Amino acid sequence: MVTYKNWRPRLFSDTFPLSCYFISQGSPQKLLIRLLPSILRAGGPYLAFGVASVLRFFTGERAGADEPAGVWRGAHITPPSASGEYNGLKYGPEGYTFRDSTTVNVSGADLPLPVALASVRDGELDARDVIESVLGAGLAYPPGFLEAAEDMLLRMHSGDTCLDVIGSLGSREEFSPSGTLSPYTPRTSAGSRLLDRPIGSLRELSRVVDREVRTTPVVDVHTHLLPASHGKLWSSGIDELLTYHYLVSEYLQVGGRCGPREFFALGKKEQAERIWRALFVDRPPVSEAARGVVSVLNLMGMGNLFKARDLEGIRGRMGARSREEAEEEAFRVSGVRYAVMTNVVFNPAEVAHLRPKKGRDARYRTALRVDPLLAGDWASLKVKLAEDGLDATLAGAKAWLRKWVDDLEPEYFMASTPASWDAPVRKPDFGGVGAFASGAKGAGEGEDCCGEDDDEGTLINVNSDLLNSVLLPVAQELGLPVALKIGCVRQVNPALQMAGDGVQVATCESLQALLQAWPGVRFLATFLSREDQHAACVLTNKFPNLHLYGCWWYCNIPSLIAPITSMRLQMLGQDFTYQHSDCRVLEQLVYKWAHSRRVLVDVLREELGKVWEGAGLTRAQVRGVVARISGGAYEEFLAESAPPKPDDNGSKRGVKRGRGKKG
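Residues numbered from 1 in each chain as written. Predicted model: local features only at pLDDT ≥ 70, side-chain atom pairs only at ≥ 80, totals over all residues. Heavy atoms only, no water.

(A) Spatial organisation of the sheet that holds strand β3 (residues 84–86). In spatial order, the strands read β1-β2-β5-β4-β3; together these five strands make up an open sheet with antiparallel pairing. What marks the edges here is a single partner per strand, and that holds for β1 (61–62) and β3. Sheet topology note: the strand β4 (residues 89–92)/strand β5 (residues 95–99) ladder contains two bridges and is antiparallel. Considered in β5, the bridge of Gly92 is made with Gly95. (Pairing = 2+ DSSP bridges. Helix = DSSP H or I, 4+ residues; strand = E, 2+ residues; numbered from the N terminus.)

Next comes the structure, spelled out in structure tokens:
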């Protein structure tokens, strides 16, 4: 009762109302006594807010000579209109006074707590060091707790009010596991004044980069995922992860077990069990693909099941989810804003889910795969034209393509091309669209087509009527980019089936010819061979209608992602997309983006460290870089007008895209 009578007038007085967040003397000690046990047990955002608020209050300078020793003066974030005095402490528009005798050791120096906190405010000391000095260094804090406390304290020092800070927390009560992205991960709010605060040190920059990379939602610009609504075409679960072709080829290279024929004769469940035993039980999972499965299990809360090598337990955990729950979890934990599918309209099984036109899950966006058009494959196309009641002519082919664009609303056209894609082209003649291939033979507009089948479906025929008279004109007309994946060699070992594809060094010459001849068409490109990455950067630097994206397939390993991304930053600035997942199994989103983020953190720490040393950086600028190379530049590329194309008289005209930027 004595304590109650002491505190009640403080809380409800005119000079110390609740809204002023008045804190009694000795609060730093009370943090250790009252809050620290709860923090170490299950510290969440609200406890982090409490720590940050207390430390913000105890930031100050020595009070005037008329004040007794141990009294300090602090500054309000929002000065009040009222003023007064209580128990020797003053409160008013000019600031407030408080008592404190706490000393903290920061970097080997003993400092009064208010002085240390004022140095944090002024950018002279590291906020994390001071927070740990107050609470205790080396303790096992919950993942994300110190990040959140640091972020909130610096937000308050930058001018965000306590109500602004606590209001940004919403209903969040805990932090996510380390390394994942979820609604609980600390992220500085978009309107915070902290974003404009200069970064004070390389250590601070390192933490800012880490937080921004881990908490920035990404656009996965190319996948082979299909939504749950696609029935049997939907791919998810541990057996699908284990029998993915990366692990199949690794398993089959391990001798003494079985050959390809015996393996592919097994059911999927038994295939998964054999791969599990060989690559996860009998030996440690060392390869990137094997570690990816381990990351999926750890980041989705099944780490203990993996440590016990409990495959049936993992099957039970994953199988207990509904399809909707599985999709929500995968997108949330991976931090993917939306994924672009690869829709194969030459596949009847997929077409059954694409027509009639219907509403779609906003997390999945479409891309129209058009390999037969690039290959000049009239035979395959004639079947589709007949199904839609269209004539087997170039005009009919254009109408068919436009109809599919209307039905799908794709982000772009997509095709995969082999390393052998190399065709001689004539110097572009901008007097006519696609004139570099004016020697192409085949049917003209309105004539019956009689194209021949190609031996390899993805081999691009730059002299094809379908390329120069159908696909590229429609792409220019509708403002849709053409995305190319270059460098795959199909079936170098046919016995391995899907696992049997290889890679060869490709050439940029045909892509360069397309860029020169079709400046009104935008192209996206990714290359499979490491050796092609430098030439691709140079080409992208020279043509504004080319956007480079991702580290595809055999390049999607940390040892290659890092140098490729560094080179792109150094040559292209922020105008590229650093990664895409190429996923076919839903849960692969989790590991591919977790692993890629770790690499990006290291790359940006080095590259932005050079920028900081010469020009300085703010958090907003770091956030902007991360957002652009994680999908922002891609969205801008899709939303822009097509590049100007010379008219016959030499003037330039722009072709405005028919579809604007998606929100």
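Having put the structure on the table, let's press on.
(B) The arrangement of the pattern of salt bridges in detail. Enumeration over the complete set of coordinates arrives at 44 salt bridges. For Glu204, the salt bridge is made with Arg619, and the minimal N-O distance between the two is 2.7 Å. Of this pair, Glu204 sits in helix α8 (residues 202–215) while Arg619 sits in helix α26 (residues 619–639), and the two are 415 residues apart along the sequence. In terms of burial, Glu204 and Arg619 fall into one category: buried. Here the residues in one salt-bridge network are Asp126, Arg128, Glu147, Glu150, Asp151, Arg207, Asp210, Arg211 and Arg214, joined through shared partners. (Salt bridge = Lys/Arg side-chain N within 4 Å of Asp/Glu carboxyl O. Buried < 20%, exposed > 50% of the residue type's maximum accessible area, 1.4 Å probe, protein only.)

(C) Spotlight on the layout of surface pockets. Looking at the largest pocket, its volume works out to about 980 Å³. Taken together, 36 residues form the lining of the largest pocket, with His224, Tyr244, His245, Met498 and Arg584 sitting closest to its centre. Mapped by element, the contributors of at least two residues to the lining of the largest pocket are α10 (245–252) and α12 (268–281). For the lining of the largest pocket, the element with the most residues is α10, which contributes three residues. Of the residues belonging to the lining of the largest pocket, the class tally is 17 nonpolar, nine polar and ten charged. (1 Å grid on protein atoms, 1.4 Å probe; cavity = no way out; pocket = protein on both sides within 12 Å on 5 of 7 lines; lining within 4 Å. Points joined across faces, edges and corners; volume = space filled by probe spheres on them. Nonpolar A, V, L, I, M, F, W, Y, C, P; charged D, E, K, R; others polar.)

(D) Looking closely at helix α6 (residues 145–157). Taking 1.5 Å of rise per residue, the 13 residues of α6 would be expected to cover 18 Å, and the 18 Å separating its terminal C-alpha atoms lies within 8% of that figure. Across the 13 residues that make up α6, a large majority, 13, are buried. One or two residues past the end of α6 sits Gly159, with phi positive at roughly 115°. (Expected span 1.5 Å × (residues − 1).)

(E) Looking closely at unusual backbone geometry. Here the residue pair Arg355 and Pro356 is connected by a cis peptide bond, since its omega of 0° sits within 30 degrees of zero. Unusually for a residue other than glycine, Ser107 sits at a positive phi of about 55°. Looking at the element boundaries, Ser107 is found in the loop between β6 (103–106) and β7 (109–112). Within the chain, Trp553 stands out as a residue other than glycine whose phi angle is a positive 55°. Structurally, Trp553 is set in the loop between β16 (546–548) and α24 (558–572).

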